Amino acid sequence: ATKPEVTLGDYKGLKVDKVSTRVTQKEVDEEIEKERERNARTIEVTDRAVQDKDEVTLDFEGFVDGVAFEGGKGEDYPLTIGSGSFIPGFEDQLVGHSAGETVDVVVTFPEDYQAAALAGKEAKFVTTIHEVKAKEVPALDDELAKDIDEEVETLAELKEKYRKELAAAKEEAYKDAVEGAANDKAVENAEIVELPEEMIHEEVYSERKEFLGNLQRQ
């Protein structure tokens, strides 16, 4: 037997802050809303103007002082309104316009813009909107519940199932926290009473063997 004798630290009477395992209606609703978003579909919009969160397909060309600049042109470019992907102010100026329109979007490049030649400059982007798409989220009803989980028949059943699953997950997390804290406490104050001589020799032999092996490979 080459294992050292170890005395564990005191872990009895350990106190861990009680975490609430109660599940609120808000938490259940949030889980269902996530699934609802996953079941959304994207549809083309033809009967209204661009709104926030729409995805538009654009052609654009940028000009500073009437001269086109490098990297300022794009074709059939997909852009989600409100994503902040473009220069501040660009996406806002597309709201209210429709597919087929050409819009002069005037923006100012930020002072810390990566291309120093454009930093702080005002630019005009001649922008043509080709297509407008929107995310269509399904109604929150029994049909959606069945689409999300084929084992349920109603939205009420789905909510109850989610409530039970969330409660079980919280209980498991609390149990793991208690066990983890107990292990940490026991190890923290653990004491090696005696380290066997044979174990020391084995470690030295292992290190020496690895060192010689490295020398041979070199």
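Residues numbered from 1 in each chain as written. Predicted model: local features only at pLDDT ≥ 70, side-chain atom pairs only at ≥ 80, totals over all residues. Heavy atoms only, no water.

Peer 1: Help me understand the overall build of the protein chain, please; the structure alone is not making it clear to me.
Peer 2: Secondary structure summary: the protein chain contains four helices and seven strands in total. Scanning the protein chain from its N terminus toward the C terminus, one meets helices and strands in the order β-α-β-β-β-β-β-α-α-β-α. A total of 218 residues make up the protein chain; the buried ones form 23% of that total. When contacts within the protein chain are restricted to residue pairs at least 6 apart in sequence, those whose partners lie at least 24 apart make up 64%. For the protein chain, the accessible surface area stands at approximately 15400 Å², while carbon and sulfur atoms represent 48% of it. (Helix = DSSP H or I, 4+ residues; strand = E, 2+ residues; numbered from the N terminus. Buried < 20%, exposed > 50% of the residue type's maximum accessible area, 1.4 Å probe, protein only. Contact = heavy atoms within 4.5 Å. Areas by Shrake-Rupley, 256 points an atom, 1.4 Å probe, with all protein chains shown as cover.)

Peer 1: Help me out: how do you make sense of the side chain of threonine 57 in this one?
Peer 2: If you trace the backbone, threonine 57 turns up in strand β3 (residues 55-64). Classification of threonine 57 as buried rests on a relative accessible area of 16%. When residues no more than four places from it in sequence are discounted, the contact partners of threonine 57 are Asp76, Tyr77, Thr128, Ile129, His130 and Glu131.

Peer 1: Just to check I follow, could you spell out the packing of aromatic side chains for this structure?
Peer 2: Tallied over the entire structure, the rule returns 11 aromatic pairs. Consider the rings of phenylalanine 60 and phenylalanine 90, whose centres lie 6.4 Å apart with planes at 75°: the pair is edge-to-face. Placement of phenylalanine 60 in strand β3 and of phenylalanine 90 in the loop between β4 (67-80) and β5 (102-108) is noted, with a sequence separation of 30 residues between them. Phenylalanine 90 matches phenylalanine 60 in its accessibility class, with the two residues each being buried. Ring plane angle 55° and centroid distance 4.6 Å describe the contact between phenylalanine 109 and tyrosine 113, whose orientation is recorded as tilted. Each residue in the set Phe60, Phe69, Tyr77, Phe86, Phe90, Phe109, Tyr113 and Phe125 is aromatic and connected to the rest through ring pairs, giving one cluster. (Phe/Tyr/Trp six-rings, centres within 6.5 Å; stacked < 30°, edge-to-face > 60°.)

Peer 1: What is the right way to read the layout of surface pockets from this model?
Peer 2: The probe, sized like a water molecule, is rolled over the atoms to show the empty space still left. Counted as a void, the largest pocket has a volume near 240 Å³. Considering the residues around the largest pocket, the lining is formed by 16 residues, among which Gly71, Ile87, Phe109, Tyr113 and Phe125 are closest to the centre. Sort the elements by how many residues they give to the lining of the largest pocket and β4 lands first, with five residues. Grouping the amino acids of the lining of the largest pocket by side-chain chemistry returns 10 nonpolar, four polar and two charged. (1 Å grid on protein atoms, 1.4 Å probe; cavity = no way out; pocket = protein on both sides within 12 Å on 5 of 7 lines; lining within 4 Å. Points joined across faces, edges and corners; volume = space filled by probe spheres on them. Nonpolar A, V, L, I, M, F, W, Y, C, P; charged D, E, K, R; others polar.)

Peer 1: Looking at this model, I keep getting lost on the nonpolar core. Mind explaining?
Peer 2: Generally speaking, nonpolar side chains in soluble globular proteins are found buried as a group. Formed by 23 residues in total, the largest nonpolar core has its most connected members in Val56, Leu58, Phe90, Leu94 and Phe125. Contributions of two or more residues to this core are made by β3, β4, β5 and β6 (122-136). Looking at which element gives the most residues to this core, the answer is β6, with five residues. The residues touching phenylalanine 90, leaving out its near neighbours within four places in the chain, are Leu58, Leu79, Val105, Val107, Phe125 and Thr127. In terms of nonpolar packing, the next biggest core, distinct from the first, is built from 11 residues, Val23, Ile32, Val152 and Ala167 among them. (Core = buried A, V, L, I, M, F, W, Y, C linked by side-chain atoms within 4.5 Å.)

Peer 1: Please explain the side chain of aspartate 54 as it appears in this structure.
Peer 2: One can find aspartate 54 in the loop between β2 (41-44) and β3. Polar contacts involving the side chain of aspartate 54 include one to the main-chain amide nitrogen of glutamine 51, which spans 2.7 Å. Not counting chain neighbours up to four residues away, the residues in contact with aspartate 54 comprise Arg48, Ala49, Leu79, Thr80, Ile81, Val132, Lys133 and Ala134. (Polar contact = N/O pair within 3.5 Å; in protein donor to acceptor, adjacent residues only side chain to side chain.)

Peer 1: Please explain a nonpolar patch on the surface as it appears in this structure.
Peer 2: There is a patch of nonpolar side chains on the surface, built from Phe211, Leu212 and Leu215 and spanning about 290 Å² of accessible area. Within the element layout of this structure, leucine 215 appears in helix α4 (residues 197-217). Of the residues examined, leucine 215 reaches a relative accessible area of 46% and is grouped as partly exposed. (Patch = residues over 30% accessible without salt bridge, like charges linked within 9 Å, V, L, I, M, F, W, Y side chains within 5 Å. Salt bridge = Lys/Arg side-chain N within 4 Å of Asp/Glu carboxyl O.)

Peer 1: Looking at this structure, I do not really get the pattern of salt bridges. What am I missing?
Peer 2: Charged atoms that come close allow side chains of opposite charge to pair. Going through the model one piece at a time under the given rule, you end up with 14 salt bridges. Here lysine 161 ties to glutamate 151 by a salt bridge, and the two come within 2.9 Å at their closest N and O atoms. Of this pair, lysine 161 sits in helix α3 (residues 155-188) while glutamate 151 sits in the loop between α2 (142-148) and α3, placing them 10 residues apart in sequence. Residue class for lysine 161 comes out partly exposed when judged on its relative accessible area of 23%. Between arginine 163 and glutamate 160 there is a salt bridge, with its nearest N and O atoms 2.8 Å apart. Note that arginine 163 and glutamate 160 are positioned in helix α3 at a spacing of three residues, about one turn of the helix. Overall, glutamate 160 belongs to the partly exposed group, its relative accessible area being 34%. Here the salt bridges share partners, and the residues they tie into one network are Asp149, Glu151 and Lys161.

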